[in-house]
Amino acid sequence: MGPSQSNLLGIILGASAFALIFAVWLARWVLARGTGTDAMRAISNAIQEGAEAYLARQYKTIGILAVFVAIVLAVGYGVLRQSTPTDPVNDPKVLAFFITVSFLLGAICSAVAGFMGMWISIRANIRVAAAATESLNAALQTALRGGAVSGFFTVAMSLMGVGGLYAMLTLFAPAGTDAAAWAEKIPFLIVGFGFGASFVALFAQLGGGIYTKAADVGADLVGKVEAGIPEDDPRNPAVIADLVGDNVGDCAGRGADLFESTAAENIGAMILGVTLFKAFGISGILFPLIIGAFGIVASAVGVMIVKTDGNEDPMAALNRGFYTTAVLATVGLWVACKWLLSPQTAPADAWVHFGWAGTIGVLTSVAFVFITQYYTEYRYRPVKSIAEASQTGPATNIIMGLSVGMESTVLPVFTIAIALISSYMLGQSSGLVDEAGKANGGLYGTAVATMGMLGTAGYILAMDVFGPITDNAGGIVEMSQQPASIRDKTDRLDAVGNTTKALTKGYAIGSAALAAFLLFSAYLDEVKNYTGSALTVDLSKPQVFVAALLGGMLVFWFSSLAMTAVSKAAQSVIEEVRRQFREKPGIMQGTDKPDYGQCVDIVTQGALRAMVFPGALVVAFPVIVGLVFKALGGPGQRLGAEAVAGFLMIATVVGILMAGFLNNGGGAWDNAKKYIETGIYGGKKSEAHKAAVVGDTVGDPFKDTAGPSLHVLIKLLSTITLVLAPLFI
């Protein structure tokens, strides 16, 4: 007799509550730290004011768009679409209600997760700056625990959102419906939650990415290259906008990104669990959420053990916390497999196969950390080769950076291939079979691997938010003119923060790849659930091939729009900074104060305007493809569903490669500049440094705008097709 549904939901919701309580405790611990001098507080207050103003305006825009999409979902499901006997519920209006409400709940939870990431970062930055006056360890712990507030709040909201929604729907079983039969239908009713989370995440990541890189590029080109002043110099009118951008892009955007990752992937795995209901029952459906619950505990331990003696590289301390989290998450995974995936109705050793599949997922996350470190840290060949090429000018720097970015896609693809194939084969060899006697555990094996990779999500997000917090802390120390010894400490943490940001982007690519396959499989299962027969995707059909080609094209078009937006907004910032330098010559002498607010307003307006069209394009494109090709097909052909599957398949493949190229190439350019700033090839203000600044400027929208937005695009396309699959059949 396996565990009851109520017991499992109790553990899931209990773990969510623990994560929220732990996040609150961490926040109180961070907020109890000192806030430094009056000069520090003045700068921190300006960053806080700009970030909160931007996020309020951004969420207002996203809210309007979300309400419009919710109306479309309600009308599409409740009015335009005809009900079928295979629908989870018979009444189309009830189905429309469940889908629409789950979409809105996913959107709200995603927005809250993103807001909390930014809320803590703009309060932790000054406390890290103040802690640096005490010791490196105090600053390190303050920054990581500040980032952990965002990490635990995000995973808690995801787990509580999906688990809580599932628990609520168990109370709405139609009259006469068996509890077990209703449990199988619920995952198909909450797919809107993942869509809502992805919808908000795309706009949050895209808008935040445009903001942060427009401000960064504008500040660097005029400040460093033209005026020859240091980074974060208070004389630069764009410096506050740059520091604000770190928070709205890397904190709010990434919080929403990883929230939708965990939410969408949990729902996709639950849908695959339905196919094995006869073997595992409710345990197979709720297994992904139990893994998330164990991951929360593992991440909490990892965060609390991080410390350094001041001489140790801070990255080594953070890696120690990550490896501890990974080991504990693996232990929790095996416990969950033995407990939930070994009922009497399944083969005796099936749980062992899934345990190894989950372990492969954990090892995949570790592999992506190593691969990303290799391509983005200046201790290794790729970054050193870019720095060396900088000696002969910007052109050779850019050529080498593009080369490194392209090369960096190779190892991740091999890693993803090994993870997917091996986890699939483990699932297939588990002994689980369908009614026809055919092995059917393979896809669930890939789902367990994906859950294993997400087991460390809480700690990974803490490392990610660590980056912008330490970046801001360094800016506050520089602008408030603190002693060089303090700046040395924040510089060490800032360098580590650049690495952690790159690592989490690598992790996001890996999780997006596994998730995309998981969600694609869930889409095929959902079509089968609605039609009663499997969907075959035949790329030799001209209609399906064209739809697939459109999917690949969308990735390039979206990336182009994102980078164009950065360029246009950066041009406005550059013109404004030049104007202020020209009209107020006293700024450079320190006798006149720059107008920081004007640059903040320019970037805010530019980012919000620019994010709408590419975001709307991603939402609309799969819908148009599905409906157009459905109209081109004959009755019963299911050409619309097949065309969307081809579109999704190729968009996913191209998106994964493009995201890896952009993220790693941009990160390598950034650290090549920092490598030269250590004194190599002439150090700061040398010709090599000027070339590296240009390369870094090119890489900025790669790694912080287009690249991270593609993680979300991949998963948003998957969740849209999951939600709208019935409309394409």
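Everything that follows concerns the structure shown earlier in this document.
Residues numbered from 1 in each chain as written. Predicted model: local features only at pLDDT ≥ 70, side-chain atom pairs only at ≥ 80, totals over all residues. Heavy atoms only, no water.

## Brief notes about the overall build of the protein chain
- When helices and strands are counted, the protein chain shows 22 helices and 0 strands.
- Taking 27 Å as the expected radius of gyration for a compact globule of 729 residues, we find that the protein chain reaches 25 Å, a close match to that expectation.
- Dimensions along the principal axes, computed over C-alpha positions, put the protein chain at roughly 80 × 55 × 40 Å.
- When the 729 residues of the protein chain are sorted by exposure, 63% land in the buried category. (Helix = DSSP H or I, 4+ residues; strand = E, 2+ residues; numbered from the N terminus. Rg over C-alpha atoms; globule rule 2.2 N^0.38 Å. Buried < 20%, exposed > 50% of the residue type's maximum accessible area, 1.4 Å probe, protein only.)

## Describing the packing of aromatic side chains
- Enumeration over the complete set of coordinates arrives at 28 aromatic pairs.
- For the pair Phe-621 and Phe-647, a centre-to-centre distance of 6.0 Å together with 15° between the ring planes defines the contact as stacked. A residue pair is termed long-range when its members are at least 10 positions apart, and Phe-621 in helix α20 (residues 596-632) and Phe-647 in helix α21 (residues 639-677) qualify at 26 residues.
- An aromatic cluster of at least three residues, connected via ring pairs, comprises Phe-18, Phe-22, Trp-25 and Phe-152.
- Cation over ring: Arg-33 sits above Trp-29, and NZ or CZ is 4.2 Å from the ring centre.
- Against the face of Trp-29 rests Arg-145, its NZ or CZ located 4.5 Å from the ring centre. (Phe/Tyr/Trp six-rings, centres within 6.5 Å; stacked < 30°, edge-to-face > 60°. Lys NZ or Arg CZ within 6 Å of the ring centre and 35° of its normal.)

## Here's the deal with helix α7 (residues 239-274)
- When the terminal C-alpha atoms of α7 are compared, their 52 Å separation across 36 residues agrees well with the 52 Å that a helix rising 1.5 Å per residue should span.
- The element α7 is largely enclosed, with a buried count of 36 among its 36 residues. (Expected span 1.5 Å × (residues − 1).)

## Some words on the nonpolar core
- Residues Phe-152, Phe-195 and Tyr-523 are the most contacted members of the largest nonpolar core, which totals 252 residues.
- Those residues within four positions of Tyr-523 in sequence are excluded, and the remaining contacts are Leu-535, Ala-641, Val-644, Ala-645, Thr-721, Leu-722, Ala-725 and Phe-728. (Core = buried A, V, L, I, M, F, W, Y, C linked by side-chain atoms within 4.5 Å. Contact = heavy atoms within 4.5 Å.)

## A closer look at the packing of α20 against helix α22 (residues 687-728)
- At a closest axis distance of 9 Å, the pairing of α20 and α22 adopts a crossing angle of 35°. In the crossing of α20 with α22, the sense of the turn from one axis to the other is right-handed. Note on element contacts: α22 touches α20 through Leu-713, Leu-716, Leu-717, Ile-720, Leu-724, Leu-727 and Phe-728, opposite Val-618, Val-619, Pro-622, Val-623, Gly-626, Leu-627 and Lys-630.
- For the contact of α20 with α22, the class distribution of residues is 12 nonpolar, 1 polar and 1 charged. (Axes fitted to C-alpha atoms, helices over the stretch in contact; angles between N-to-C directions. Left-handed = near helix turned anticlockwise from the far one by under 90°. Nonpolar A, V, L, I, M, F, W, Y, C, P; charged D, E, K, R; others polar.)

## Examining the pattern of salt bridges
- Per the counting criterion, the structure on display carries 17 salt bridges.
- Among the ionic pairs, Glu-407 bridges to Arg-381, the shortest N-O distance being 2.6 Å. One end of the pair, Glu-407, is in helix α13 (residues 394-407); the other, Arg-381, is in helix α12 (residues 381-389), and 26 residues separate them in sequence.
- Residue Glu-407 is classed as partly exposed on the basis of its relative accessible area, which comes to 29%.
- Take Arg-381: its relative accessible area is 42%, and that puts it in the partly exposed class.
- The partner of Arg-579 in a salt bridge is Glu-576, with the nearest N and O atoms 2.7 Å apart. With Arg-579 and Glu-576 both in helix α18 (residues 542-583) and 3 residues apart, the pair spans about one turn of that helix.
- Judged by relative accessible area, which is 8%, Glu-576 ranks as buried. (Salt bridge = Lys/Arg side-chain N within 4 Å of Asp/Glu carboxyl O.)

## Overview of the environment of Asn-498
- Within the fold, Asn-498 resides in helix α17 (residues 484-531).
- You can call Asn-498 buried: its relative accessible area is 10%.
- As for Asn-498 and Gly-682, which are separated by 184 residues in sequence, their C-alpha atoms are 22 Å apart.
- Leaving out residues up to four positions away in the same chain, Asn-498 has contacts with Asp-670, Asn-671 and Lys-674.

## Looking at the environment of Trp-182
- Structurally, the position occupied by Trp-182 is in helix α5 (residues 179-189).
- A C-alpha to C-alpha distance of 9.1 Å links Trp-182 and Leu-169, two positions 13 residues apart in sequence.

## Focus on the packing of helix α2 (residues 38-80) against helix α3 (residues 92-131)
- At a minimum axis distance of 10 Å, the contact between α2 and α3 shows a crossing angle of 170°. One finds that α2 runs roughly antiparallel with respect to α3.
- Classifying every residue of the contact of α2 with α3 by side-chain character gives 24 nonpolar, 6 polar and 4 charged. (Parallel < 35°, antiparallel > 145°, perpendicular 65-115°, else oblique.)

## Overview of unusual backbone geometry
- At Arg-638, a residue that is not glycine, the phi angle is positive and equals roughly 55°.
- Along the polypeptide, Arg-638 turns up in the loop between α20 and α21.
- A relative accessible area of 19% places Arg-638 in the buried class.
- Non-glycine residue Lys-685 carries a positive phi angle of around 70°.
- Tracing the backbone through its elements, the reader meets Lys-685 in the loop between α21 and α22.

## Here we look at the side chain of Thr-450
- Note that Thr-450 resides in helix α15 (residues 442-454).
- The class of Thr-450 is buried, set by a relative accessible area of 1%.
- With residues near it in sequence (within four places) discarded, Thr-450 still touches Glu-265, Leu-514, Ala-515 and Leu-518.

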